[in-house]
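# Commentary on secondary and tertiary structure
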Amino acid sequence: SRPPKPSSPRDPVVTSYWGPSVRALIGSTFLRTTAHLAWLTSLGVLVFDLTGRELDLGLIGLAEFLPVLLLVLVAGAVADRFDRRIVSGGGAVVEAAVGFAVAAYVASDPTAVGPIFALIVVSGTAGAFTSPATRALPADILPPEGLPWLVARHSATWQAAIIVGPVIGGTLYAVDPLAPFIAVGVLHLLSAAAYPFIKLRPVEEREAVETPEEEAARPGLSHALEGLKFIRHHPVLLGAISLDLFAVLFGGAVALLPAIAEERLGVGAVGLGWLRAAGGIGAAAVTLVLTRRPVVRRVGRTLLYAVALFGLGTLALGLTTVYAVAFVAMLVLSGADAISVFIRATLVPLVVPPEMRGRVLAVENVFIGGSNELGAFESGVAGQILGPAGAVVLGGVATIAIAGTWWVAFPALREVDRFPGTPDPDRPVPLDAAILEELGP
């Protein structure tokens, strides 16, 4: 094996961690996220076409979030106790089946949304198990000094899928309403097929293995609750995770995009698809910058600034009636969110011991679900009362206020300078034998 080129002082993280495991993870992420965004885009149009109510757009988020909330203890324990690749692949197969089931229901010329919401709950249940397992995998593949490198590229892949997914969903829906759901099923199956090619680092596998005596002596509920206890006693974790919960809980404008596109901007499914894709374009542009110049200093302050900028973009989206301005607002708010995602996705796994990552990330998944799916429900209720524009404006103002509040309430988060376990930015990182083996000849 030959080592990669030495890293420069400006790029402290080795830039050649590419190997079969990383490529499989990246490919699976792209397919799974593309499927999910196509699902959300076409699902929102379908439900709004059937009922015409903003509240039902919010109920989509609630139906996705409830399984995540109810299964948090079980899902985290499963991610820590079983092979995370099997858990992730199994969840992808279930979500593929849901996509095909919705396509079959659409083909029957439906008039009721009840069966659709039932299938959304099934999809949310699969996601409750899949999310903590898949989010723990990057830290299982590379050591701490390689994680910022992988998170930036993993996020770039995710953001690219955010561009492609909505365009596929909106365009296919305009052609035939059942077509995007068939595509969702196929993409999830392809995603599941990538997980067997992911190889875990031997040290991570050894840390996750328990002896039969330890397994028998371990109390189930207490073991599951350890993730919540760990977060509660670490101000940096609690601040970072709760910031996402409350900021996006009130700033979840994306859920109302079908109503905004039709009632405020006067565009159809294709225009909606590109509007959602604008979010991916903005996020992808920022993430590409992060792959070359990742955030390595003033991490906490940068996170809070990014959340405030997210609020400003949301505010602009709610105030405008011009499609071009709405497009730019989506670019801005999603670019800010990409910075927030990068920081949290790097910070949380590095703070948490490997043997607890599944449980902690399962709890974080509830917070993320609360900020996204439950935030979508909040936006739907507010949109029904205030109208889409009023709900989005209110959310933007609330998000800016939350960023300011967390600046004062969580000084430990604000003062985080570097990611734990990462080297000094001015010193190169040597490769160990496990990484050289992963790189191949």
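Above this text sits the structure in question.
Because the structure is predicted, anything quoted here is derived from the model rather than measured.

The subject of this paragraph is the overall build of the protein chain. When helices and strands are tallied, the protein chain shows 18 helices and zero strands. Expressed as a percentage of contacts within the protein chain between residues at least 6 apart in sequence, the contacts between residues at least 24 apart total 89%. Counting every atom, the protein chain has about 17,300 Å² of accessible surface; 68% of that belongs to carbon and sulfur.

By the definition in use, this model includes four aromatic pairs. Between the aromatic rings of W39 and F181, the centroid separation amounts to 6.1 Å while the plane-to-plane angle is 85 degrees, which identifies the pairing as edge-to-face. Here W39 is found in helix α1 (residues 20-51), whereas its partner F181 is found in helix α7 (residues 179-194), with 142 residues between them in sequence. When sorted by exposure, W39 lands in the same class as F181, which is buried.

As for its placement among the helices and strands, S88 is situated in helix α4 (residues 84-107). When sequence neighbours within four positions are dropped, the list of residues in contact with S88 reads T130, A133, T134, L137 and Y195.

Moving on: the environment of V184. With respect to the secondary-structure elements, V184 resides in helix α7. Separated by 87 residues in the primary sequence, V184 and A97 have C-alpha atoms spaced 9.3 Å apart. With residues up to four places along the chain from it excluded, the contact list for V184 reads A35, A38, W39 and G99.

Let us now look at the pattern of salt bridges. Counted according to the given criterion, the structure contains five salt bridges. The salt bridge involving D140 is made with R84; its shortest N-O contact spans 2.6 Å. In this pair, D140 sits in helix α5 (residues 114-141) while R84 sits in helix α4, placing the two residues 56 residues apart along the sequence. One exposure class covers both D140 and R84, and it is buried. A salt bridge links R301 to E415; the shortest N-O distance between them is 3.0 Å. With R301 in helix α14 (residues 299-319) and E415 in the loop between α17 (411-414) and α18 (433-439), this pair connects stretches of sequence that are 114 residues apart. According to the relative accessible area criterion, R301 is partly exposed, its value standing at 28%.

On to a nonpolar patch on the surface. Taken together, the side chains of V93, F100, I182, V186, L189 and L190 make up a nonpolar region of the molecular surface, amounting to roughly 470 Å² of accessible area. Contributing elements (two or more residues each) for the nonpolar patch: α4 and α7. Here the element with the most residues in the nonpolar patch is α7; it accounts for four residues. Relative to the helices and strands, V186 is located in helix α7. Owing to a relative accessible area of 39%, V186 belongs among the partly exposed residues under this scheme.

Where helix α6 (residues 147-175) contacts helix α15 (residues 323-351), the axes come no closer than 10 Å and their chain directions differ by 140 degrees. One way to sum up the angle between α6 and α15 is to call them oblique. As α6 runs across α15, the sense of the crossing is right-handed. Here L147, P148, V151, A152, S155 and Q159 of α6 lie close against α15, whose contacting residues are A338, V341, F342, A345, T346, P349 and L350. Residue composition of the contact of α6 with α15, grouped by class: 10 nonpolar, three polar and no charged.

A separate point is the environment of V392. Within the secondary structure, V392 is located in helix α16 (residues 357-409). Residues V392 and T314, 78 residues apart in the sequence, show an inter-C-alpha distance of 6.5 Å.

Turning our attention to the nonpolar core. A general trend in soluble globular proteins is that nonpolar side chains are found buried together. Counting 47 residues, the largest nonpolar core has W39, I120, F181 and L317 as its most contacted members. Among the elements that line this core, the one with the most residues is α1, at 10 residues. Leave out the neighbours within four places in its chain, and W39 touches E64, V98, G99, V102, I120, S123, F181 and V184. Counting residues in each nonpolar core, the second largest holds 25 residues, with L147, A152, A247 and I402 among its members.

A separate point is unusual backbone geometry. Even without being a glycine, D109 presents a positive backbone phi close to 60 degrees. Mapped onto the elements, D109 comes out in the loop between α4 and α5. Given the relative accessible area of 65%, D109 is considered exposed. Phi at R298 is positive, roughly 50 degrees, even though this residue is not glycine. Mapped onto the fold, R298 is located in the loop between α13 (269-292) and α14.

Bringing the environment of F65 into the picture now. Looking at the element boundaries, F65 is found in helix α2 (residues 54-70). For F65 and G127, which are 62 residues apart along the polypeptide, the C-alpha to C-alpha distance reads 9.5 Å.

This part is about α1. Count 3.6 residues to each turn of an α-helix, and residues three or four apart come out pointing the same way. Compared with the 46 Å implied by 1.5 Å per residue over 32 residues, the 46 Å span of α1 between its first and last C-alpha is a close match. Burial analysis of α1 places 24 of its 32 residues in the buried class, which makes it a mostly covered element. In the segment just after α1, G52 is the residue with positive phi, at about 70 degrees.

The rules we used
- Per chain, residues are indexed from 1 in the order of the written sequence.
- Only residues with pLDDT of at least 70 get local features here, since the model is predicted, and only at 80 or more are side-chain atom pairs given and counted; chain-wide, interface and lining totals rely on the full set of residues.
- Think of the side-chain values as coming from all heavy atoms in the structure, minus any hydrogens and water.
- Per the convention used, a helix needs a DSSP run of H or I reaching at least four residues, while a strand needs a run of E reaching at least two, with both numbered from the N terminus.
- The contact definition used throughout considers only heavy atoms, calling two residues in contact when any of these lie within 4.5 Å.
- Calculation of accessible area relied on Shrake-Rupley with a 1.4 Å probe; when residues are assessed, cover is drawn exclusively from the protein chains displayed.
- Stacked, edge-to-face and tilted are the three classes for Phe, Tyr and Trp ring pairs, Trp counted by its six-membered ring, which pair at centre distances within 6.5 Å; planes under 30 degrees apart are stacked, over 60 edge-to-face, the rest tilted.
- Whether a residue is buried, partly exposed or exposed follows from its accessible area with a 1.4 Å probe, protein chains only, as a fraction of its type maximum: under 20%, in between, or over 50%, in that order.
- What makes a salt bridge here is a side-chain nitrogen of Lys or Arg within 4 Å of a carboxyl oxygen of Asp or Glu, nothing more.
- Without a salt bridge and with relative accessible area above 30%, a residue can belong to a patch; like charges are then joined within 9 Å and nonpolar side chains (Val, Leu, Ile, Met, Phe, Trp, Tyr) within 5 Å.
- Axis definition: a line fitted to C-alpha atoms, over the contacting stretch in the case of helices. Angles run 0 to 180 degrees between N-to-C directions.
- Should an angle fall under 35 degrees it is taken as roughly parallel, and over 145 as roughly antiparallel, whereas 65 to 115 is taken as roughly perpendicular and any remaining angle as oblique.
- Should the near helix be turned counterclockwise from the far one by less than a right angle, the crossing is left-handed, whereas a clockwise turn marks it as right-handed.
- Here the term charged refers only to Asp, Glu, Lys and Arg, the term nonpolar to Ala, Val, Leu, Ile, Met, Phe, Trp, Tyr, Cys and Pro, and the term polar to all other amino acids, Gly among them.
- Within this scheme, the nonpolar core is defined by two criteria: the residues are buried Ala, Val, Leu, Ile, Met, Phe, Trp, Tyr or Cys, and they are joined through side-chain atoms within 4.5 Å.
- Every helix has an expected span of 1.5 Å times one less than the residues it contains.

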